[in-house]
Amino acid sequence: MRRGLVIAGAGVLALAAAGTAVAVSGGDGAGAAEPSPPPVPATASIARQDLVDTKTVEGALTYSGERQVSTDAAGTVTWAPAEGAVVRRGRALLRVDRRPVVLMYGSLPMYRPLRQGVDDGPDVEQLERNLKVLGYGDDLTVDDHFSYATYLAVKEWQDDAGLPETGQVDASQVVFLPAAARVTDAKAEVGDRTTPGRPALTVSGVRRLVHVDLSTDDQSLARKGAKVTVELPGGERVTGKITSVGTVAETVSSGQGQDDGSTIDVDITLSKTPKTRLDRAPVEVELVSERRENVLAVPVEALLALREGGFGVEVVEGGSTRVVPVELGAFGSGMVEITGAGLAEGMKVGVPAT
């Protein structure tokens, strides 16, 4: 990547060098009494500092954990949430025949009816914990056993929710999701017929993140925990941290039967909530490709393209100058790492006039 930057900038650097060279060789010999022109148009100091080389890639501002939601409810959809609505514990995700399908929090799906006599299990404990949080079951002990106290708590909850008071809970009444859900798409609209297993909603988490389809050529830039900078719509800049890096490459197709390479999924958590509320808004992500510590560096415009190849800097010493060939290292924030014979922090080098 660094080699590409140097090659791409060689033409510009050569022009800057030409300007400096003219300043060094200027003077027509006339007017000996006139003061001598400065050896270079301007100077900059060789600095010792850390350099961070970056690469900018495109991403999208979105929400975490998108998934489809289906239920075992069968009938006519009589209410569906609007896109962007946030549904929390105890609230309806959908109403079928005017009966709610209620959201409860948990990692296990509702894979079996829960009632008295059912085998003990973590799904029972999950239901009991939700009932307790929602204010049902004063005598209920939260464990993995569906007790008579659980039965009574379920009936009380069903009565308040407008559901048949059976004391039994199944997937036509409850959907378990890890946390509050933001509706990204209501697949079942009011008036639609829904059947068991049919996707009714697409939801996501409420935490905002940035998603990048990163080219596998750049996968070395994506390290879990690495800090990044994100430029959001409107120019807002926010720092973030890479929280997830995919391990499966996906082929990118141009739609004409040709593969355009492959990508991996990268998710970034932002350090603060962005001002924009747009979903799928395009963003630019600045990834760190290289970090160099305690190196000698000069402004990029100080580089001279040498006739024999490579680059040098024009060291200013009093009223004279000399060109020192240099090896280039990392680039970052308009500076470039250099190494060369006799170079030291604080020395002056020529740069174009500003």
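Conventions used here
Residues numbered from 1 in each chain as written. Predicted model: local features only at pLDDT ≥ 70, side-chain atom pairs only at ≥ 80, totals over all residues. Heavy atoms only, no water. Helix = DSSP H or I, 4+ residues; strand = E, 2+ residues; numbered from the N terminus. Areas by Shrake-Rupley, 256 points an atom, 1.4 Å probe, with all protein chains shown as cover. Pairing = 2+ DSSP bridges. Contact = heavy atoms within 4.5 Å. Axes fitted to C-alpha atoms, helices over the stretch in contact; angles between N-to-C directions. pLDDT = per-residue confidence, 0-100. Expected span 1.5 Å × (residues − 1). Buried < 20%, exposed > 50% of the residue type's maximum accessible area, 1.4 Å probe, protein only. Arc of directions from axis to C-beta. Polar contact = N/O pair within 3.5 Å; in protein donor to acceptor, adjacent residues only side chain to side chain. Core = buried A, V, L, I, M, F, W, Y, C linked by side-chain atoms within 4.5 Å. Phe/Tyr/Trp six-rings, centres within 6.5 Å; stacked < 30°, edge-to-face > 60°. Salt bridge = Lys/Arg side-chain N within 4 Å of Asp/Glu carboxyl O. Patch = residues over 30% accessible without salt bridge, like charges linked within 9 Å, V, L, I, M, F, W, Y side chains within 5 Å. Lys, Arg positive; Asp, Glu negative; His and termini not counted. Charge placed at Lys NZ, Arg CZ, Asp CG, Glu CD.

Draft legend 1. Seen up close, the overall build of the chain. If you tally the helices and strands in the chain, you get 3 helices and 22 strands. When the accessible surface of the chain is totalled, it reaches about 19,000 Å², and 48% of it is carbon and sulfur.

Draft legend 2. View of the sheet that holds strand 8 (residues 174-177). With mixed pairing, 5 strands are arranged side by side in an open sheet as 8-7-6-4-10. Each edge of the open sheet is held by one strand with a lone partner, namely strand 8 and strand 10 (193-194). Across the sheet, helix 2 (residues 122-133) lies against strand 7 (99-105) and strand 8, angled at about 100 degrees from strand 7, the strand it touches most.

Draft legend 3. Here's a closer look at the confidence of the model for the chain. On average, residues of the chain carry a pLDDT of 87, and 87% of them reach 70 or more. This model gives residues 1-33 a pLDDT under 50, and the stretch forms 39 contacts once residues within four places in sequence are excluded.

Draft legend 4. Up close: helix 3 (residues 148-161). In a regular helix each residue adds 1.5 Å, so 14 residues correspond to 20 Å; helix 3 covers 20 Å between its end C-alpha atoms and thus fits that length. The complete set of buried residues in helix 3 reads Thr 150, Ala 153, Val 154, Trp 157 and Gln 158. All buried residues of helix 3 project into a common sector of 135 degrees when viewed along the axis, lining one side. Seen from the buried face of helix 3, the exposed residues on the opposite side, beyond 90 degrees, are Tyr 148 and Asp 160. Lining the buried residues of helix 3 we find strand 7, helix 2 and strand 8. The residue sitting at the N-terminus of helix 3 and contributing the capping side-chain oxygen is Ser 147; that oxygen lies 3.3 Å from the backbone nitrogen of Ala 149. Among the residues trailing helix 3, Gly 162 stands out with phi positive, at a value near 85 degrees.

Draft legend 5. Representation of the nonpolar core. Val 210 and Val 285 are the most contacted members of the largest nonpolar core, which totals 21 residues. Setting aside chain neighbours within four positions, we find Val 210 in contact with Ala 60, Leu 61, Val 230, Val 266, Asp 267, Ile 268, Leu 270, Val 283 and Val 285. Counting 20 residues, the second-largest nonpolar core is a separate cluster that includes Val 69, Leu 103, Val 183 and Ala 200.

Draft legend 6. Just the sheet that holds strand 11 (residues 199-204), in detail. Across the sheet, which stays open at both edges, the 4 strands sit in the order 3-11-9-5 with antiparallel pairing between neighbours. The sheet is open, and its two edges are formed by strand 3 (67-70) and strand 5 (86-87), each paired on a single side. With 4 bridges joining them, strand 3 and strand 11 adopt antiparallel strand pairing. Looking at strand 11, one finds that Gln 68 is bridged to Thr 202.

Draft legend 7. Spatial organisation of the side chain of Thr 184. Along the chain, Thr 184 falls in strand 9 (residues 181-186). Taking the relative accessible area as the measure of exposure, Thr 184 reaches 13% and is therefore buried. Not counting chain neighbours up to four residues away, the residues in contact with Thr 184 comprise Glu 66, Glu 83, Thr 202, Val 203 and Ser 204.

Draft legend 8. Quick look at the packing of aromatic side chains. A full pass over the atoms with the stated rule returns 1 aromatic pair. Geometrically, the ring pair formed by Tyr 148 and Tyr 151 is stacked, given 5.7 Å between the ring centres and 25 degrees between the ring planes. In this pair, Tyr 148 and Tyr 151 both sit in helix 3, 3 residues apart, roughly one turn of the helix.

Draft legend 9. Local environment of the environment of Ala 149. Along the chain, Ala 149 falls in helix 3. Accessibility expressed as a relative area gives 22% for Ala 149, which makes it partly exposed. Sequence spacing of Ala 149 and Asp 139 is 10 residues, and the spatial spacing of their C-alpha atoms is 6.3 Å.

Draft legend 10. Representation of unusual backbone geometry. A positive phi angle is found at Asp 97, which is not glycine, with a value near 50 degrees. Secondary-structure assignment places Asp 97 in the loop between strand 6 (92-96) and strand 7. The phi torsion at Arg 98 lies on the positive side, around 70 degrees, for a residue other than glycine. By the secondary structure assignment, Arg 98 is in the loop between strand 6 and strand 7.

Draft legend 11. Region of interest: the pattern of salt bridges. One pass over the structure, following the stated rule, counts 9 salt bridges. Arg 237 is the partner of Glu 286 in a salt bridge, and the nearest nitrogen-oxygen pair spans 4.0 Å. Of the two residues, Glu 286 sits in strand 17 (residues 281-299) while Arg 237 sits in strand 14 (residues 237-245), which places them 49 residues apart along the sequence. Classification of Glu 286 as partly exposed rests on a relative accessible area of 28%.

Draft legend 12. Fine view of the side chain of Gln 173. Relative to the helices and strands, Gln 173 resides in the loop between helix 3 and strand 8. Within polar-contact distance, the side chain of Gln 173 engages the side chain of Gln 158 at 3.4 Å. Every residue in contact with Gln 173, bar those within four places of it in the chain, is listed here: Pro 100, Val 101, Val 102, Trp 157, Gln 158, Leu 163, Pro 164, Thr 166 and Gln 168.

Draft legend 13. Geometry of a positive patch on the surface. Together, Arg 223, Lys 227, Lys 241 and Arg 291 make up a region of like positive charge exposed at the surface. Judged by its relative accessible area of 53%, Arg 291 falls in the exposed class.

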